[in-house]
Amino acid sequence: MVHLVMFLHSAISAGTYLAAKRALGELSPFEVALVRFALSSLAFGLLLWRRPVRVARRDLLALAGLGIIAIPVNQGLFLAGMAWTTPGHAALLYALTPVFVFLIARVRLGERAGPAKLAGIALAFAGVVVVLLGRGAVGLHGSSRQLAGDLLILLAVVAWSVFAVAGKPYAQRYGAVGSTGVALVLGTLAYLPIGLVATDWSRLGALSATGWASLGYLVLLTSVVAYILYYWALSRTEASRVAIWSNLQPVLTALLAWAIAGERLTAPFVAGGAMVIAGVILTERG
């Protein structure tokens, strides 16, 4: 069941880079973050109203800290970086998530570092590189603006890794909806003063139907469904075993491009995809 949930999470997340890039074509990162998390927090608020969760007072501060890491820090860096770099570069950098998650979980949670797990993480990352290079989605040359965007995305990856590992005990204690919902609502409240001041409301009023659809994807699928799925899986297995599934996202993105846009499935894609799948399996068994 964990494998099935994380595959679904990867499928949803595969479209996040494209939806975010499309929304950022019409809005600033501040506006995207404001709409995305105000609406997703409203959805979580409704879920928590229907199924209240009693959070110990000592844990509220920790969950608020996780919410700040998840929204103003992680998503602020991600959206700012996506405004300057490409979806391919972002996908490649997010493929480093299992590495950071493993290192943090090794220190904080004492997760074991078996040779099979390490080999699986390395193999899956190498497969992502092969897939993205084969698609021409990443390159060694870019402007200073794109380099700055890549750096912001990398910092976002570190922030997400901290959020994932540090949130595991609370997911086990309060469930996926409870821990994620409380953290995101508190994080959104911390972001609201910034977002409300920095938002150009005229741009929101002129947003196209495609722009609203992209925001809808980010709100409902990425920020509600995917977050719940991730923390549900995290409460049931090791953090590094959950994080390794993120490397499947570029492969699924390429498959979407083939199914929707008719892009060719090249030999590097097949080889890289096989490497990613083998790396995931090796990590899960390690």
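Scroll up to find the structure this text is about.
Residues numbered from 1 in each chain as written. Predicted model: local features only at pLDDT ≥ 70, side-chain atom pairs only at ≥ 80, totals over all residues. Heavy atoms only, no water.

Asks: It is not clear to me how the packing of aromatic side chains should be interpreted in this structure. Could you clarify?
Replies: Geometrically, a pair of aromatic rings is defined through the distance of the ring centres and the angle of the planes. A complete count under the given rule lists five aromatic pairs for this structure. Seen from their ring centres, W160 and F163 are 5.2 Å apart, and the 45° between their planes marks the pair as tilted. Residue W160 and its partner F163 are both found in helix α8 (residues 144-198); the two are separated by three residues, about one turn of the helix. Classification of W160 by relative accessible area gives buried; the value is 10%. Overall, F163 belongs to the buried group, its relative accessible area being 1%. (Phe/Tyr/Trp six-rings, centres within 6.5 Å; stacked < 30°, edge-to-face > 60°. Helix = DSSP H or I, 4+ residues; strand = E, 2+ residues; numbered from the N terminus. Buried < 20%, exposed > 50% of the residue type's maximum accessible area, 1.4 Å probe, protein only.)

Asks: So what exactly am I meant to see when it comes to the environment of L109 here?
Replies: Structurally, L109 can be placed in the loop between α6 (97-108) and α7 (115-135). Since its relative accessible area comes to 32%, L109 is described here as partly exposed. Distance in space between the C-alpha atoms of L109 and A166 is 8.9 Å, their sequence separation being 57 residues. Setting aside its immediate chain neighbours within four residues, L109 contacts I104, V165 and K168. (Contact = heavy atoms within 4.5 Å.)

Asks: Would you explain α6 in this entry?
Replies: Across its twelve residues, α6 extends 16 Å between first and last C-alpha, which sits within 8% of the 16 Å expected from 1.5 Å per residue. Restricting attention to buried positions, one finds in α6 the residues T97, P98, V101, F102 and A105. End-on, the buried residues of α6 take up no more than an arc of 125°, which puts them together on one face. After α6 finishes, the residue G110 shows a positive phi value of roughly 70°. (Expected span 1.5 Å × (residues − 1). Arc of directions from axis to C-beta.)

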